[in-house]
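Fold and geometry: a report
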2 protein chains.
Amino acid sequence: MSDIKPRTRIQERNRGSILEAALDVFSQYGFRGATLDMIAESAGLSKPNLLYYFTSKEAIYIELLETLLDTWLDPLRELDPEGKPIDEIMGYVRRKMDMSRDFPRESRLFANEILQGAPRIQQDLTGDLRKLVDEKSKVIRKWHEEGKIADVDPYHLIFSIWALTQHYADFDVQVRAVLGDKDPFPGANRHLEQIFTKLLTP
Amino acid sequence: MSDIKPRTRIQERNRGSILEAALDVFSQYGFRGATLDMIAESAGLSKPNLLYYFTSKEAIYIELLETLLDTWLDPLRELDPEGKPIDEIMGYVRRKMDMSRDFPRESRLFANEILQGAPRIQQDLTGDLRKLVDEKSKVIRKWHEEGKIADVDPYHLIFSIWALTQHYADFDVQVRAVLGDKDPFPGANRHLEQIFTKLLTP
DNA sequence: CCAAATATTGACCAAATGGTCAATATTTAT
DNA sequence: ATAAATATTGACCATTTGGTCAATATTTGG
């Protein structure tokens, strides 16, 4: 039934190396600024070898972007309309902070694609993302109408969460330059807890 | 005394066109992803003509970055230790929002340089920026000790202001994809006013 | 072990890129 | 009007870039 051959040991290994290396390079230099040579060198392969596994530079980039988008919306999807509102929102903030701490390169890949004008994910933005944000905005608005949280603009609340959490990944270089050797995340988590608790408490 | 020749009418015009075009291209694609041909075309000049005015791609980029950094810290410098704390901080937020609205490309140029690891402004980050943030953090801490504002982490407060204000410039494509045709800034300004007023009120 | 399948890579290619340069056009200032 | 200074750009260059390809090496599975 399935005509697709399973991936060999070497394919698994090398595709993984390439995607790992590519994530480094694309997240730093964006699509146009990255080169196949950079990625190949970082992956420990020759360029033709790399191109044995992926048909083109674009194919690598698209694979990374699609993987990223598959998971990037999950934290917001988990916001439960039946849960306690402040807990649910704070849970979302925590999930996003965990992602910024654990997947900074993915965050920067996304930031880079957005800075480029989002040429490859425009449909995702106006489609799935918009729908999800619309949906969760209704939930947040309803929570306010039930007196469970303060009156906030749901859209700008969600943008705030993105802005504040992703900043620690995207502007990591700047944050660490200012803070010196100190890990930013513990203080950031406390600070964001404070911001959103005060903001949302009715 | 001064050996420097004044710039001619044509030099002023063409340097301006080049810098304007370069800001467009560098803010979208970063240094590596931008090309002299793109900039020249956007400026309405030939590439050798462009290079008559600037010695290299790097020289154009550095000029833009230096101009940017000259003004980027001004809003924070204006924070007056003798003023009313919440007014002063809200003033800073407003100045930053005005910048995001009026100079989105500059914000994106900065974001792009940071994503690249800030190779050309590392000294600015660990030098002037750090000093200024340290200085204003002391002011904020003192305001709290005098009971004028709530207890907040001054560093993360400043990062929050950066994150929330710059987001509207840097992720403009995403914000507008979600909001549709609606101008994000009025709602954003109200929302940020709410966030910081609640956060800071003792 | 061995043949088939997969993986590797040096050599190569056309196009793109950051420039350089000299001939020519335009502007300036007297 | 005119000579000097400035501005413009086609042609060119060396290097880089995203690939392509065939010879060879390695792995796989019977």
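We now turn to the structure provided with this report. Values in this document were obtained by computation on a predicted structure and should not be read as measured data. (Residues numbered from 1 in each chain as written. Chains lettered and ligands numbered in written order. Predicted model: local features only at pLDDT ≥ 70, side-chain atom pairs only at ≥ 80, totals over all residues. Heavy atoms only, no water.)

What follows concerns empty space enclosed by the protein. Empty space left among the atoms is revealed by rolling a probe the size of a water molecule over them. The full count for this structure, using the stated rule, is three cavities of 30 Å³ or more. Estimated volume of the largest cavity: approximately 60 Å³. As for the largest cavity, its lining consists of A:Trp162, A:Ala163, A:Gln166, A:His167, A:Asp170, A:Phe171, B:Ala163, B:Gln166, B:His167, B:Asp170 and B:Phe171. Contributing elements (two or more residues each) for the lining of the largest cavity: α9 (154-170) of chain A together with α9 (154-170) of chain B. In terms of residue count, α9(A) provides more of the lining of the largest cavity than any other element does, five residues in total. Grouping the constituent residues of the lining of the largest cavity by class yields five nonpolar, four polar and two charged. Of the volumes computed, that of the second largest cavity is approximately 40 Å³. As for the second largest cavity, its lining consists of A:Ala111, A:Leu115, A:Asp170, A:Phe171, B:Ala111, B:Leu115, B:Asp170 and B:Phe171. (1 Å grid on protein atoms, 1.4 Å probe; cavity = no way out; pocket = protein on both sides within 12 Å on 5 of 7 lines; lining within 4 Å. Points joined across faces, edges and corners; volume = space filled by probe spheres on them. Helix = DSSP H or I, 4+ residues; strand = E, 2+ residues; numbered from the N terminus. Nonpolar A, V, L, I, M, F, W, Y, C, P; charged D, E, K, R; others polar.)

Quick look at the protein's contact with DNA strand C now. Surveying the vicinity of DNA strand C reveals 23 residues, the closest of which are A:Lys5, A:Thr8, A:Asn49, A:Tyr53 and B:Lys47. By atom count, sugar and phosphate contribute 61% of the portion of DNA strand C lying within 4 Å of the protein. Take A:Asn14: an N or O atom from its side chain is 3.1 Å from a phosphate oxygen of DNA strand C. Measuring from a phosphate oxygen of DNA strand C, one finds a side-chain N or O atom of B:Lys57 at 2.9 Å. Counting residues per element, the ones that place at least two in the surface near DNA strand C are α1 (9-33) and α3 (47-53) of chain A together with α1 (9-33) and α3 (47-53) of chain B. (Near = heavy atom within 4 Å. Polar contact = N/O pair within 3.5 Å; in protein donor to acceptor, adjacent residues only side chain to side chain.)

This part is about the nonpolar core. Soluble globular proteins tend to pack their nonpolar side chains together in the buried interior. Of all hydrophobic cores here, the largest spans 139 residues; its most connected members are A:Phe26, A:Phe196, B:Phe26 and B:Phe196. Every residue in contact with B:Phe26, bar those within four places of it in the chain, is listed here: B:Phe31, B:Ala34, B:Ile39, B:Lys57, B:Ile60, B:Tyr61, B:Leu64, B:Leu109 and B:Asn112. (Core = buried A, V, L, I, M, F, W, Y, C linked by side-chain atoms within 4.5 Å. Buried < 20%, exposed > 50% of the residue type's maximum accessible area, 1.4 Å probe, protein only. Contact = heavy atoms within 4.5 Å.)

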